[in-house]
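Inside the fold
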Amino acid sequence: MNALEFLNITNPFKNKLYRLAKRILVSKEEAEDATQEVLIKLWNNKANIANYKNVEAFSMTMTKNFCLDKLKSKHAQNIKMVHTNYEDKNKLLQKQIEIDDSLKWVEKIIQTLPKQQQLIIQLRDIEQYDFKEISEILNISEPTIRVALSRARKTVREALTKTHDYGIR
C-alpha cells in the first residue's frame, strides 16, 4: 500500500480520532499527539490494514485504548475528560451566549458521569456512530450500550433541568 492509498483510507475518519482523543485527554496537544501515534501505528501496519473488517472502528478502538493507557501513565495523571467540540458562529450574539452557557453546563454534567457513559455519549451523540460500531469499539454488548446511553442522557437531562429551574448550582 502506498501513501496515497493509506491517506484515502484514513482521511475520512482522522478528525473523529482526534475528537475522541480530545474527549478522553482534554488537552489539544495530548489529543494531537495521540492521533498522530495511532496514525503512525496504522502506517507501520499498512500491509495488514486491508485485512481489517472495519478500519475506522479498529482505529477508534486503538485511539480509545491509547488514550486510556496515557491517562493511566504518570505523565497524564492530572488530565480530566471534557468536551468542547461545539461552536456555531452563525447565531446572533445573545443566542450564541445562551448556547455556549448551555453547552458548558452539559460539559460539566457529562464530566460527572462514569467514564463508560462519557465515551458512549461521545461516540453516539457527538460522533454519530451506530450501536454496532460502538459495540466493536468499546467491546461491550449493544443492549449494555443502550442502557448506559439512556441512563447518561437521563442524568444529563435531569441535572440540566435542575440547573435551569433552580438557578446556578
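From a predicted model like this one, the values you see are computed outputs, not experimental measurements. (Residues numbered from 1 in each chain as written. Predicted model: local features only at pLDDT ≥ 70, side-chain atom pairs only at ≥ 80, totals over all residues. Heavy atoms only, no water.)

Attention now moves to the nonpolar core. Of all hydrophobic cores here, the largest spans 40 residues; its most connected members are Ile-24, Met-60, Ile-120, Ile-121, Leu-123, Ile-137 and Leu-138. At the level of elements, helix 2 (14–25), helix 3 (28–44), helix 4 (55–72), helix 5 (93–111), helix 6 (115–126), helix 7 (131–138) and helix 8 (142–166) are the ones that each hand at least two residues to this core. Once residues lying within four places of it in the same chain are set aside, the contact partners of Ile-120 are Asp-125, Leu-138, Ile-140, Ile-145, Ala-148 and Leu-149. (Core = buried A, V, L, I, M, F, W, Y, C linked by side-chain atoms within 4.5 Å. Buried < 20%, exposed > 50% of the residue type's maximum accessible area, 1.4 Å probe, protein only. Helix = DSSP H or I, 4+ residues; strand = E, 2+ residues; numbered from the N terminus. Contact = heavy atoms within 4.5 Å.)

It is worth spelling out the packing of aromatic side chains at this point. The full count for this structure, using the stated rule, is 0 aromatic pairs. Above the face of the Tyr-129 ring, Lys-16 is positioned so that its terminal group lies 4.8 Å from the ring centre. (Phe/Tyr/Trp six-rings, centres within 6.5 Å; stacked < 30°, edge-to-face > 60°. Lys NZ or Arg CZ within 6 Å of the ring centre and 35° of its normal.)

Attention shifts here to unusual backbone geometry. The phi dihedral of Val-26 falls on the positive side, at around 75°, and the residue is not glycine. Tracing the chain through its elements places Val-26 in the loop between helix 2 and helix 3. For Val-26, a relative accessible area of 22% puts it in the partly exposed group.

Glancing now at the pattern of salt bridges. Using the criterion set out here, one finds 6 salt bridges in the structure. Between Glu-127 and Arg-19 there is a salt bridge whose closest N-O contact spans 2.9 Å. Remark: Arg-19 occurs in helix 2 and Glu-127 occurs in the loop between helix 6 and helix 7; sequence separation between them is 108 residues. The exposure class of Glu-127 is buried, given its relative accessible area of 3%. Between Glu-158 and Lys-154 there is a salt bridge whose closest N-O contact spans 4.0 Å. Of this pair, Glu-158 and Lys-154 are both found in helix 8, 4 residues apart, which corresponds to roughly one turn of the helix. Among the residues examined, Glu-158 registers a relative accessible area of 47% and is labelled partly exposed. (Salt bridge = Lys/Arg side-chain N within 4 Å of Asp/Glu carboxyl O.)

This part is about helix 2. With 12 residues, helix 2 should cover 16 Å at 1.5 Å per step; its first-to-last C-alpha distance of 16 Å lies within 8% of that length. Restricting attention to buried positions, one finds in helix 2 the residues Leu-17, Leu-20, Ala-21, Lys-22, Arg-23, Ile-24 and Leu-25. As for helix 2, its buried residues are in contact with helix 3, helix 4, helix 5 and helix 6. Just downstream of helix 2 lies Val-26, where phi reads positive at about 75°. (Expected span 1.5 Å × (residues − 1).)

With respect to the secondary-structure elements, Thr-10 resides in helix 1 (residues 3–10). On the accessibility criterion, Thr-10 (2% relative accessible area) is buried. If we ignore the near neighbours within four places in the chain, the residues touching Thr-10 are Leu-39 and Leu-42.

So, to be careful, I would describe these as geometric facts and stop short of saying anything about function.
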